[in-house]
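Coordinates in review
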Amino acid sequence: MTALVQTRKFHAQVISRAGQKAHLAGMKVGTIAYNHDELTMPAIETFALAKHYNIGFWRKRRKDALKSLTLTVEEGEVFGYLGPNGAGKTTTLRLLMGLVYPSAGSARILGKALDDPAMKAQIGFLPEQPYFYDHLTPKELLTYYAQLSGVPGKDRARKVDASLARVGMSESAGIQMRKFSKGMLQRVGIAQAIVHDPKLIFLDEPMSGLDPVGRREVRDLIQSLHEEGKTIFFSTHILSDAETVCDRVAVLNKGELRGVGVVADLVSEVSGQVEFVWTGAAATAEIAALGGKTHEASETFRTILTQEATDRAIDAIRGAGGKLISVTPVRATLEDYFLSKLGAGDRDSQNMQEVTR
Ligand SMILES: Nc1ncnc2c1ncn2[C@@H]1O[C@H](COP(=O)(O)OP(=O)(O)OP(=O)(O)O)[C@@H](O)[C@H]1O
Ligand SMILES: [Mg+2]
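All values derive from a computational prediction rather than experimental measurement.

This part takes up the overall build of the protein chain. Along the protein chain, the regular secondary structure elements total 13 helices and 13 strands. Counting only residues that meet the buried cut, the protein chain has 34% of its 357 residues in that class. Within the protein chain, residue pairs in contact and separated by at least 24 positions form 69% of the contacts whose partners lie at least 6 positions apart.

Next up on the list: the site of ligand 1. Ligand 1 sits among 14 residues. The nearest are Ala-65, Asn-85, Lys-89, Thr-90 and Thr-91. Mapped by element, the contributors of at least two residues to the shell around ligand 1 are strand S1 (44-55), strand S2 (61-73) and helix H2 (89-96). In the shell around ligand 1, the residues fall into four nonpolar, seven polar and three charged.

A few words on the packing of helix H4 (residues 138-148) against helix H6 (residues 182-194). In contact at an axis separation of 9 Å, H4 and H6 are set at 25° when each is read in the N-to-C sense. One finds that H4 runs roughly parallel with respect to H6. Taken as a pair, H4 and H6 cross one another with a handedness that is right-handed. Every residue of H6 that contacts H4 at Pro-138, Leu-141, Leu-142 and Tyr-145 is listed here: Val-188, Ala-191 and Gln-192. Looking at the contact of H4 with H6 residue by residue, the classes come out as six nonpolar, one polar and no charged.

What follows concerns the confidence of the model for the protein chain. Low pLDDT marks regions whose predicted coordinates should not be analysed in detail. When pLDDT is averaged across the protein chain, the result is 83; 84% of the residues are at 70 or more. In the predicted structure, residues 1-38 sits below a pLDDT of 50 and forms 36 contacts with residues beyond four places in sequence or in another chain.

For the rest of this paragraph, the subject is the pairing of S2. Walk down a regular strand and you will see the side chains alternate between the two sheet faces. Bridge count between S1 and S2: nine bridges; the pairing is antiparallel. Across the sheet, the residue bridging to Ile-55 is Arg-61, located in S2. Connecting S1 to the antiparallel partner S2 that follows it, the hairpin turn spans five residues, and Gly-56 within it adopts a positive phi of roughly 95°.

By way of backbone hydrogen bonds, the strands of a sheet pair with one another, either parallel or antiparallel. The six strands are arranged S5-S6-S7-S3-S8-S9 in an open sheet whose pairing can be described as mixed. Each of the sheet's edge strands pairs with one partner strand only, and the pair in question is strand S5 (123-126) and strand S9 (256-262). Strand-to-strand twist across the sheet, computed as the mean angle between neighbouring axes with direction ignored, equals 15°. Of the strand pairs in this sheet, strand S8 (residues 248-253) and S9 are connected by six bridges, and their pairing is antiparallel. Bridging across to S9, Leu-252 finds its partner in Leu-257. This element, helix H7 (residues 212-227), spans strand S3 (78-82), strand S6 (200-204) and strand S7 (231-236) of the sheet and lies at about 155° to S7.

Scoring rules and cut-offs
Residues numbered from 1 in each chain as written. Chains lettered and ligands numbered in written order. Predicted model: local features only at pLDDT ≥ 70, side-chain atom pairs only at ≥ 80, totals over all residues. Helix = DSSP H or I, 4+ residues; strand = E, 2+ residues; numbered from the N terminus. Buried ≥ 20, exposed ≤ 12 C-beta atoms within 10 Å, placed from the backbone. Contact = placed C-beta atoms within 7 Å. Near = placed C-beta within 6 Å. Nonpolar A, V, L, I, M, F, W, Y, C, P; charged D, E, K, R; others polar. Axes fitted to C-alpha atoms, helices over the stretch in contact; angles between N-to-C directions. Parallel < 35°, antiparallel > 145°, perpendicular 65-115°, else oblique. Left-handed = near helix turned anticlockwise from the far one by under 90°. pLDDT = per-residue confidence, 0-100. Pairing = 2+ DSSP bridges.

Structure, rendered in structure tokens:
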């Protein structure tokens, strides 16, 4: 959660930074006339950030929760941080929030050190398992957090109501949270992360505990925050949630960064396979000879083969008396990318696949 605000000091820093840059660029420097574009900087930067724990009682063993993470998230991005259980997602978020100290490396958020109070006033955080005093109502809790984050008294009630409305909790705003379901608490947690209108929002598994409708609502909320120009960094192990909403994703496994990519590129890559659809004759034996399996649905037959087999498959289907309806290259999904980065046969990747079904 955010801490104290030092707005005046922060503005002074911003102006002097802009002034310095403008000066270096040979521009005329005015006291307040500076170009906002000059201020663009990565939202998050980590440099060989690492965390290990010593576990075990008698014989200590070193557990690398995060191994040398170097990553940049640009302002305005929706960035998905993907990985199976135990990958190191929460550890990364805890490090970035300053809740645990790195064993090695460093990080900056909005160009500032992790303990900078002005930066903290501009970020919001939803922890993995948010815990709230359950005798409080969402309204009381959010008013408290808004105050902590430096939201001026005159704006507080309006901002609290607006953020509860954004997560669909207006009607329950006055009910004690001990009566709430996991999904309702998750929504309050998200409202808490956005109540002070932060520039950058960190969400650890924001869709967890939500039903499909709730998950969809959170995706829509992320989308609308994105349209307002906010940067969102969220962790998930549910690939479909990341696929629809992220600009870029990083894949983490066993504390190691396995890959970073633009979602649009990853999912438009051709997977090297081709789908054939035809009618008339099953051509089961011919397709089997090419290493495929024929599936039948309402008198239409379908198979997927490697790209190299395309010509032979067309001949085989026609030769057996079949009539081709379509021959389509299969597009890779984010899941394909994910699994390829985790490594085939990896037990965790099997878990991941199950989660996404
Ligand atoms: N305080 C701690 N002491 C010892 N080991 C820890 C500690 N915190 C995390 N770990 C270990 O570090 C690894 C990464 O944990 P982390 O919670 O970051 O994973 P995650 O990607 O968030 O997983 P999940 O999807 O289950 O939330 C795990 O093996 C975990 O057991
Ligand atoms: Mg976690």
